[in-house]
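# Residue-level structure breakdown
Next come the chains, spelled out residue by residue.
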Amino acid sequence: MKIVPGTPALVTGASSGIGREVALSLGRRHCRVALVARRREALEEVAEGVADAGGEPLVAPADVADEGALAESVGRTVEAFGGLRLVVANAGLGRYALVEAQAPQMAEQLIRVNYLGTVATVRHALPHLLAATPSHAVAVASSAGLISHRMSSAYSASKAAVIQYLAGLRLEVLDRGVGVTWVCPGPVDTPYFDQSNLDPDRDLPLLARRLVRRLQPDEVARALVRAVERNRPEVTLPAMMRFFVWTRRMTPRLADWMIRRFP
Ligand SMILES: NC(=O)c1ccc[n+]([C@@H]2O[C@H](COP(=O)([O-])OP(=O)(O)OC[C@H]3O[C@@H](n4cnc5c(N)ncnc54)[C@H](OP(=O)(O)O)[C@@H]3O)[C@@H](O)[C@H]2O)c1
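Summarised in this report is the structure supplied together with it.

### Points about the site of the ligand
Around the ligand, the surrounding shell holds 30 residues, and the nearest of these are G13, G17, R38, R39 and G92. The element contributing the most residues to the shell around the ligand is helix α1 (residues 17–28), with three residues.

Structure (structure tokens):
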């Protein structure tokens, strides 16, 4: 769908990183943008940026793992904007550990926030998207949802679940005017790694460290907006990450060998 001035949108995880950049870029297109995350103060700062850029922000804090709070944020958005035509389910966190060292709560938390938070966001937005076509649902997944590495098993599983959920949804709603996109970035320079107990310069496989450049969050935001306007199903970036994902799909044994040979 074309993102025109006044488009009513909702972005989760809008207080930081990729979500913040998506919200600002929608602001620059004069959209109405509901900002969802847990930290109200950080959302208010982003709201100022959206307003300065020419958009109309709405601060609608919620924990995406709290279905009631999320439903309230979506409801407030629809009431304030008169509908919803774009939802970006971006809120998420990273937790990494070897399987033997994982506390049981780790996988649970990743599934609760990354996967079930996305499911709840999309499910609450969908009736409004269907009522205001052409419209679009996006999730920020991860290249880790397409290709795992050491320590990423639980995180990768949560993002693979997001990808498959969106892939199923796309087939259900595409002919009814709702586009669906999942964005799969490699490492992005955001506060994400500060809390995720993964040091990308030490823990990622050697070839990824050497050959995959670190993205900036505004690049991911631009790719996301472009994908919405072109109704692309999957976006993986940067280009080198697409090569690794392709290798994994075509020759999984070669991909295993490469990662084990160059850990
Ligand atoms: N950075 C990377 O290398 C990378 C790579 C691939 C994919 N991703 C994905 O990109 C998305 C955004 O990450 P980022 O890099 O922009 O990290 P970030 O700067 O840490 O931002 C994460 C955002 O998610 C929000 N959030 C976390 N838990 C939440 C919850 N329970 N309820 C509501 N909001 C919540 C945070 O806001 P509050 O703390 O205010 O709630 C924040 O706005 C995530 O889904 C992440 O998995 C990141």
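### Concerning the packing of α1 against helix α8 (residues 217–230)
Look at α1 against α8: their axes get within 8 Å of each other, and the N-to-C directions meet at 55 degrees. By the angle class used here, α1 and α8 are oblique. Crossing geometry of α1 relative to α8 is assigned as right-handed. Along its contact with α1, which presents G17, I18, E21, V22 and S25, the element α8 presents P217, D218, V220, A221, R222, L224 and V225. Residues that form the contact of α1 with α8 fall into these classes: seven nonpolar, two polar and three charged.

### With respect to the sheet that holds strand β5 (residues 135–140)
Taking strand neighbours across the sheet as the criterion, the seven strands line up as β3-β2-β1-β4-β5-β6-β7 in an open arrangement whose pairing is parallel. Of all strands in the sheet, those bounded by a partner on one side alone are β3 (56–59) and β7 (234–237). Recorded for the sheet is a direction-independent mean angle of 15 degrees between the axes of neighbouring strands. Running over the sheet, helix α5 (residues 153–173) touches β5 and β6 (178–185) and is turned about 160 degrees from β6.

### Some points on the pairing of β3
Pairing of strand β2 (residues 32–36) with β3 involves four bridges; the strand directions are parallel. Bridging across to β3, A34 finds its partner in L58. Crossover handedness for the path β2 to helix α2 (residues 40–52) to β3: right-handed.

### Here we look at the nonpolar core
With 77 residues, the main nonpolar core has V11, A23, L35, V87 and V183 as its most contacted residues. With seven residues, the top contributor of residues to this core is helix α4 (residues 104–130). The residues contacting V87, other than those within four sequence positions of it, are L10, T121, V122, A125, L129 and A137.

So, how was this worked out
Within any chain, residue numbers begin from 1 and follow the written order of that chain's sequence. Two thresholds apply to this predicted model, a pLDDT of at least 70 for residue-level local features and 80 or more for giving and counting side-chain atom pairs, whereas whole-chain, interface and lining totals are computed over all residues. As used in this record, a residue near a molecule or strand is one whose C-beta atom, placed from the backbone, is within 6 Å of it. Secondary structure elements follow DSSP: runs of H or I no shorter than four residues count as helices, runs of E no shorter than two count as strands, and numbering proceeds from the N terminus. Fitted lines through C-alpha atoms serve as axes, helices being fitted only where they are in contact, and the angles separating the N-to-C directions of these axes extend from 0 to 180 degrees. Under this scheme an angle from 65 to 115 degrees is roughly perpendicular, one under 35 degrees roughly parallel, and one over 145 degrees roughly antiparallel; angles in between are oblique. For any helix crossing, the convention is left-handed if the near helix is rotated counterclockwise from the far helix by under a right angle, and right-handed if that rotation is clockwise. Contact criterion: two residues are in contact if their C-beta atoms, reconstructed from the backbone, are within 7 Å. Three classes are used: nonpolar for Ala, Val, Leu, Ile, Met, Phe, Trp, Tyr, Cys and Pro, charged for Asp, Glu, Lys and Arg, and polar for all others, with Gly counted as polar. Strands pair, by our definition, only if DSSP identifies at least two bridges between them. With its strands directed away from the observer, a crossover is right-handed exactly when the path from the first strand over the helix to the second travels clockwise. The nonpolar core is taken to be a set of buried Ala, Val, Leu, Ile, Met, Phe, Trp, Tyr and Cys residues joined by way of C-beta atoms within 7 Å. With C-beta atoms placed from the backbone, the exposure class of a residue follows from how many other C-beta atoms lie within 10 Å of its own: 20 or more, buried; 12 or fewer, exposed; in between, partly exposed.

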